[in-house]
Amino acid sequence: KGEVKKMEDVMVNGVTLNRNESKITICNVPDKPGIAARIFKELAENGINVDMIVQNVSHLRQTDISFTVSKSDAARTLKFAQRIARKIKAADAMQDDDIARISIVGVGMKSHPGVAATMFDTLARIKANIEMISTSEISISCIIKKKFAEKAVRALHEKFGLAK
């Protein structure tokens, strides 16, 4: 009799690509309680829908906060981010439209160690630097430069044995 494959056994069952996002970075943000809340509250009050958020505090107690928004909101978001940066005494805000989000999805990822490492290694092999990472139980998303987008999709399909 043939073996029945449980859904949980399928490690990665899809790769997605989104080229319609921009990355906004507020530089040299003071590392104090309430600053992130202040930034994202003001963006929300102005109707800005933020997606992926990354913050990393340096040993100097300063941080860069980067987040993605839809390209259609990017110019407007940058203006708000620059205004917020001045208010909180951060350095400035920058916009990067030259990005793509590559994601792998699979319900079995949570029970298979090393899926993230395999994805990151696959991106490294095509020389795509990872700018941001976001994970959940069923997906891993990376922000990379747009020029690597198609190559990344092909490489991840191949690595995880997915049909193209």
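Relevant structure appears above.
Residues numbered from 1 in each chain as written. Predicted model: local features only at pLDDT ≥ 70, side-chain atom pairs only at ≥ 80, totals over all residues. Heavy atoms only, no water.

*Asks:* Pulling in residues and values, what's your account of the overall build of the protein?
*Replies:* Of regular secondary structure, the protein possesses 4 helices and 8 strands. In sequence order, the secondary structure elements of the protein are arranged as β-β-α-β-β-α-β-β-α-β-β-α. Overall, the C-alpha framework of the protein stretches about 65 × 30 × 30 Å when taken along its three principal axes. Looking at the protein as a whole, 41% of its 164 residues are labelled buried. Charged side chains in the protein number 27 positive and 19 negative. The centres of these two groups are separated by 2 Å. (Helix = DSSP H or I, 4+ residues; strand = E, 2+ residues; numbered from the N terminus. Buried < 20%, exposed > 50% of the residue type's maximum accessible area, 1.4 Å probe, protein only. Lys, Arg positive; Asp, Glu negative; His and termini not counted. Charge placed at Lys NZ, Arg CZ, Asp CG, Glu CD.)

*Asks:* Quick rundown of the side chain of S103? Include the residues and the values.
*Replies:* By secondary structure assignment, the location of S103 is in strand 6 (residues 99-105). For S103, a relative accessible area of 5% puts it in the buried group. Side-chain polar atoms of S103 contact the side chain of S141, separated by 2.6 Å. Not counting residues within four places of it along the chain, the set of residues in contact with S103 comprises G14, V15, T16, M119, I140 and S141. (Polar contact = N/O pair within 3.5 Å; in protein donor to acceptor, adjacent residues only side chain to side chain. Contact = heavy atoms within 4.5 Å.)

*Asks:* Account for the sheet that holds strand 6, naming residues and giving values.
*Replies:* In spatial order, the strands read 1-6-8-7; together these 4 strands make up an open sheet with antiparallel pairing. Strand pairing shows two members of the sheet lacking a second neighbour, strand 1 (14-18) and strand 7 (132-135), which therefore form its edges. Taken over all neighbouring pairs, the strand axes of this sheet differ in orientation by 20 degrees on average, direction set aside. Summarising the sheet, strand 6 and strand 8 (residues 139-145) pair through 7 bridges and their orientation is antiparallel. Its bridge partner lying in strand 8, S103 is registered against S141. Here helix 3 (residues 115-125) sits on the sheet in contact with strand 6, strand 7 and strand 8, set at roughly 20 degrees to strand 8. (Pairing = 2+ DSSP bridges. Axes fitted to C-alpha atoms, helices over the stretch in contact; angles between N-to-C directions.)

*Asks:* Tell me about the sheet that holds strand 5 (residues 93-96), and name the residues and values.
*Replies:* Two orientations exist for strands paired in a sheet by backbone hydrogen bonds: parallel and antiparallel. The 4 strands lie next to each other as 3-4-2-5, forming an open sheet whose pairing is antiparallel. Edge positions in the open sheet fall to strand 3 (53-57) and strand 5, since each of these has one partner strand only. Going from strand to strand, the sheet's axes swing by 15 degrees on average, the running direction of each strand aside. Looking at chain direction, strand 2 (residues 21-30) and strand 5 are connected through 4 bridges and run antiparallel. Bridge pairing in strand 5 places I26 opposite A93.

*Asks:* Go over the pairing of strand 3 with me, naming the residues and quoting the values.
*Replies:* Consecutive residues of a regular strand have side chains that alternate between opposite faces of the sheet. Across 5 bridges, the pairing between strand 3 and strand 4 (residues 62-70) is antiparallel. Bridge pairing in strand 4 places Q55 opposite I65. Counting the residues between successive antiparallel strands, the hairpin from strand 3 to strand 4 contains 4 residues, one of them, R61, with a positive phi of roughly 65 degrees.

*Asks:* Let's hear about the environment of A155: which residues, and what values?
*Replies:* Relative to the elements of secondary structure, A155 occurs in helix 4 (residues 149-159). Along the primary structure A155 and D96 are separated by 59 residues, whereas in three dimensions their C-alpha atoms are 24 Å apart. Every residue in contact with A155, bar those within four places of it in the chain, is listed here: T122 and I126.

*Asks:* Could you give me a rundown of the pattern of salt bridges, with the residues and numbers involved?
*Replies:* Taken as a whole, this structure holds 11 salt bridges when the rule is applied. A salt bridge links R83 to E42; the nearest nitrogen and oxygen atoms lie 3.4 Å apart. Placement of the pair is R83 in helix 2 (residues 71-87) and E42 in helix 1 (residues 35-45), with a sequence separation of 41 residues. Residue R83 is classed as partly exposed on the basis of its relative accessible area of 34%. Note on E42: relative accessible area 12%, which makes it buried. It is possible to trace a salt-bridge network through shared partners that takes in K23, D96, E131 and K145. (Salt bridge = Lys/Arg side-chain N within 4 Å of Asp/Glu carboxyl O.)

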